[in-house]
Amino acid sequence: TMALTDVFISPAGAGDNSGSSVANALPAISSGDWSTNIEGLDRANKRFVFLEGTYNVTTKLTFTGSAPTDEQPNQWVGAKSDGTILRPKFDETGLRLDLTNYPLFVCSANVQMINTEENTYYKCLSFENTNASYSQGSIIEATSSDIDSQGWFGCNFKAAPANTGAEVMIAGGNSYHTCVFEATTKNFDKILSVTNNARVHNCRIIGGGTSSGSGNGDGVTLLSHTSQFVDCVITNCHGKGIHITTTNGKVNINFANCTIVNNGGDGIDTDFGQPLNSNVVGFGDANIIFGNGGVGLRANAADDRQSGFQLLAMGDNSGGNFADMDSYEDMIDVIAVTTADFFDYANNDFRIRRDSTLYKLFGDRNMGAIQNDDFELVSVS
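Below you will find a few notes about this structure. Remember, it's a predicted structure, so these values are computed and weren't measured experimentally. (Residues numbered from 1 in each chain as written. Predicted model: local features only at pLDDT ≥ 70, side-chain atom pairs only at ≥ 80, totals over all residues. Heavy atoms only, no water.)

As a further point, take the overall build of the protein chain. From N to C terminus, the protein chain includes one helix and 33 strands. Looking at the protein chain as a whole, 54% of its 381 residues qualify as buried. Across the protein chain, every contact between residues at least 6 apart in sequence was considered, and the portion connecting residues at least 24 apart equals 69%. (Helix = DSSP H or I, 4+ residues; strand = E, 2+ residues; numbered from the N terminus. Buried < 20%, exposed > 50% of the residue type's maximum accessible area, 1.4 Å probe, protein only. Contact = heavy atoms within 4.5 Å.)

In structure tokens form, the structure reads like this:
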């Protein structure tokens, strides 16, 4: 098999700028925007090693060289200044990525900063739009023609939406693992739009506040009837944590082991406007649904078959735990939760305490998304 050829890239370049090594890193930025050096790169069978630093841009990066293929893919990876490839890790609380040494791409214009492509894989990169009038549907381009064989691992996406129809990111039919999606305002439709059978695992969705917002303000909207949404934290949104809006009456969505806390609306809303006619909405056991301003779990009042939940940890949801679940509500084993179950709920530290009922409930893992539980000091006499 043929190995990918490394191309080293930095904001300002280095050496002879051939990209053949760290010492000769190719400049990605020129005169405050994308450089023609990077626009003309071939992507087939290439690994772009982006060195740490800030890449300030104002336009969308669109390539003109050879495109990646299924047999000759393209990979983007973040690296330290010496070329050491990064691996993702969350900070101590498990809520945000540790962005130390990450390449940071900052777009100051109200545009999408990258024209993404098929057969391209991204690892340990941070993308941020700082435009005060941001109204995009996604920080980077996300079109149905380009979603085939994309993978996002350990990436950070952040914007300050200023439009009721804005979104931070569209998660198409690919894998998103250990990523963070964050809106720093309370003026958006949703932070993450999950479409086309996407697989979103171990990710974090963070809003700018729980009250007095504009737009729907949902953390996650599920538009596809077969998606995977597992081991994720959704918090601090002024709307709903998870909202299913697909009009397909036969739905099988898995959202499990999630921590859905401190949102302005419902925790999970499976009422998408029509009753189910042949299947349950999804299976969602081992979720924590706590401290939300609406109902913990809401269904469609006309449904004969309800969501297939059997074990949830719930508490302090302003509208109560359930709405329109009918007799299916009685099938759910509910573990009562208080703020004392979290390490420091008031400061958004949603790790589960060792003395909580939720701690290693299954013998090897906690309820909810955050499993890095070896953090409390134990006295030794």
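The next subject is the environment of G154. Along the chain, the position of G154 falls in the loop between β11 (150-153) and β12 (156-159). With a relative accessible area of 0%, G154 lands in the buried category. Residues G154 and K89 lie 65 residues apart in sequence; the distance between their C-alpha atoms is 7.5 Å. Residues contacting G154, with those up to four places away along its chain left out, are P88, L97, Y102, C124, L125, H177, T178 and C179.

This part takes up the sheet that holds strand β16 (residues 190-194). In space, the seven strands of this open sheet follow the order β13-β16-β19-β22-β25-β28-β30, with parallel pairing throughout. A single partner strand is all that each edge strand has here, and the edge strands are β13 (167-171) and β30 (322-323). Judged from the two bridges that link them, strand β28 (residues 297-298) and β30 form a sheet pairing that is parallel. If you follow R298 over to β30, its bridge partner there is A323. (Pairing = 2+ DSSP bridges.)

Let us now look at the packing of aromatic side chains. For the structure on display, the rule yields 23 aromatic pairs. Within the aromatic cluster, the residues linked to one another by ring pairs are W34, F48, F50, Y55, F63, W76, F105, Y122, F127, W152, F157 and F181. The aromatic ring of F90 is capped on one face by R204, whose charged end is 4.1 Å from the ring centroid. (Phe/Tyr/Trp six-rings, centres within 6.5 Å; stacked < 30°, edge-to-face > 60°. Lys NZ or Arg CZ within 6 Å of the ring centre and 35° of its normal.)

A word on unusual backbone geometry. Apart from glycine, the bulk of residues carry a negative phi angle, and the bulk of peptide bonds sit in the trans form. Backbone geometry at T178 places phi at a positive 55°, although glycine is not the residue there. Note that T178 resides in the loop between β14 (175-177) and β15 (180-183). Given a relative accessible area of 7%, T178 falls into the buried group.

All right, on to the nonpolar core then. Buried together is how nonpolar side chains tend to be arranged in soluble globular proteins. In this structure, I9, F127, F157, F181, L192, V200 and F229 are the most contacted members of the largest nonpolar core, which totals 68 residues. By size, the runner-up hydrophobic cluster in this structure holds 26 residues, among which are C124, V180, Y345 and F350. (Core = buried A, V, L, I, M, F, W, Y, C linked by side-chain atoms within 4.5 Å.)

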